[in-house]
Structure formats: structure tokens, C-alpha cells
Amino acid sequence: LDAVMHVLDLIFNEGHTASAGTSAGRVDLTREAIRLARQLHHLRPNDSEATGLLALMLLTHARSDARITQDGELIPLDRQDRQRWDRDMIAEGTGLISAALAHGTIGPYQLQAAISAVHDSAPSTDTTDWAEIVALYELLAKIAPNPMITLSHAVAVGILHGAEHGLALLDTLPHDDQVRQHHRTHAVRGHLLELAGRNDEVRAEFAIASRLATNLPEKRHLHERSTLLIPKPTPGKR
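Below is a summary of the structure that appears in this document.

Cut-offs and rules
Residues numbered from 1 in each chain as written. Predicted model: local features only at pLDDT ≥ 70, side-chain atom pairs only at ≥ 80, totals over all residues. Heavy atoms only, no water. Helix = DSSP H or I, 4+ residues; strand = E, 2+ residues; numbered from the N terminus. Expected span 1.5 Å × (residues − 1). Buried < 20%, exposed > 50% of the residue type's maximum accessible area, 1.4 Å probe, protein only. Arc of directions from axis to C-beta. Contact = heavy atoms within 4.5 Å. Polar contact = N/O pair within 3.5 Å; in protein donor to acceptor, adjacent residues only side chain to side chain.

### Details of helix H4 (residues 87–101)
Taking 1.5 Å of rise per residue, the 15 residues of H4 would be expected to cover 21 Å, and the 21 Å separating its terminal C-alpha atoms lies within 8% of that figure. Buried within H4 we find Met89, Ile90, Gly93, Leu96, Ile97 and Ala100. In a view along the axis of H4, the buried residues occupy a sector of 130 degrees, so they form one face of it. Looking at the buried side of H4, the elements it contacts are helix H2 (27–43), helix H3 (48–61) and helix H5 (108–121). Of the residues that open H4, the one with a side-chain oxygen 3.1 Å from the backbone nitrogen of Asp88 is Asp86.

Here's what the structure looks like:
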């Protein structure tokens with residue numbers, strides 16, 4: 001069962017954000033992953049992690065229409081039009097994860113779904129319950145440590161406690177090439193450096209992230225982030 005859920009999670013993630021290519025994602029894969037997760041939940045209705053996985057998919061996919069422009073460009077979470085989020089899907093996912101957390105042993109899919117539920121219930125980034133999200137990430141890091149989880153945890157910590165605290169958490173990542181050469185590592189560091197006001201370092205991190213990204217819309221978005229902070233020349237000066 002764990003292997004089946006892991007494969008379904010991989011299928012969904014590839015559909016949500018394609019690892020390579022010219023499209024931001026593949027809706028055919030996300031829909032197929034959700035269809036199969038529904039079947040799994042139907043077969044194992046009392047398995048809290050199977051329920052959590054379906055909830056996670058629904059709560060994540062609910063934001064899909066707002067995260068990509070008509071031209072196929074990515075829109076970050078804090079700039080998305082939340083009126084375009086699928087409220088029916090959010091209600092279904094929230095109901096599932098609420099029921100799952102009330103019964104059985106808490107697992108990583110349930111915790112990730114709970115984090116998504118907190119995001120989806122907030123009317124804006126500023127009103128998001130970041131303390132709850134950080135607490136959920138701390139628990140998730142204990143039961144299922146993973147470098148990608150650490151990256152998201154660092155962002156939440158940076159928003160709640162300050163950028164330097166988030167950067168300190170990033171420094172706990174393994175020093176292997178798989179992590180250090182992942183574009184998301186540099187993108188997260190760039191985001192935290194931006195929060196800290198260290199603009200010269202921001203440009204360098206986003207430039208590296210753009211070079212390492214293999215998904216074209218993600219590459220373009222990261223390149224744009226690397227150029228947005230470049231100061232415009234002062235008239236009359238060279």
C-alpha cells in the first residue's frame with residue numbers, strides 16, 4: 001500500500017509541476033492520479049493515509065486554475081486570485097483530512113494535506129496561519145524527514161520568524177549534489193534572501209535556479225525573479 005501511494009503521489013506531482021518540458025504541468029496526470037486515489041480511498045476507506053493522500057491531491061489541485069496564466073506562465077501562491085480556487089474541491093479535501101486526522105495514526109500525507117488546508121482556507125497570504133503551518137512542518141520533519149520538506153519548512157519559518165531563521169534552517173540541508181544542485185534549493189534561498197533585503201545575493205540565487213530548472217515556464221519565472229531586483233540606471237549616469 002505504501003508503494004502504491006508513493007507512485008500515485010509521484011504521478012500527481014509530475015502532473016502538477018512537470019519535471020521538464022515546455023508546459024508548467026500536465027492536467028491529464030493530475031486527473032488520473034486523483035481518479036486512482038479515489039479508487040484507493042474507496043477500497044481502503046479506513047486507511048487514514050490513503051484518505052490523506054486523496055485530500056492532499058484535491059487541496060493542491062483546487063488552486064490549479066489560478067497558478068498558471070493563459071500564456072502558460074507560473075503565478076506564485078501569494079499573487080494568485082483566490083476567487084479562482086475551486087471551493088467545492090477545497091471543501092471535499094478539508095472534509096477528508098479532518099476525518100482522517102480524527103482517526104488512526106498521523107502520517108506524512110495527512111500532515112501535507114493539513115498544511116494545504118491551512119493555505120486554502122486563508123483569504124490571503126498575510127492572513128495565513130503561518131504558526132500552524134510551521135508547527136505542522138515541524139511534526140512532518142520528525143516523522144518523514146525529506147530535503148524538499150525542509151525547503152517548504154524554511155519558507156514558512158522565514159515568514160513567521162524572519163528570513164534569517166529560514167536561512168539557518170536551509171543550512172541544515174545535506175551537502176550532496178542532488179540537493180545543492182536542485183533548482184528549488186536556490187529558488188527558496190533567493191526568496192528568503194529577498195525577505196532579508198540582501199538583493200545582491202537574491203539575483204545570484206535566482207539566476208542559478210533559472211539555469212538549473214528544466215521546466216521552461218519555471219525557468220522563465222525564475223529568470224524574471226533574477227532580473228526584477230536589478231536597479232534601473234539613474235538618468236545621466238553610466
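### Thoughts on the side chain of Asn215
By secondary structure assignment, the location of Asn215 is in the loop between helix H11 (199–212) and helix H12 (216–228). Within the local environment of Asn215, its side chain forms a polar contact with the backbone nitrogen of Glu218, the two atoms lying 3.0 Å apart. Once residues lying within four places of it in the same chain are set aside, the contact partners of Asn215 are Ala18, Ser19, Ala20, Gly21, Ser23 and Ala24.

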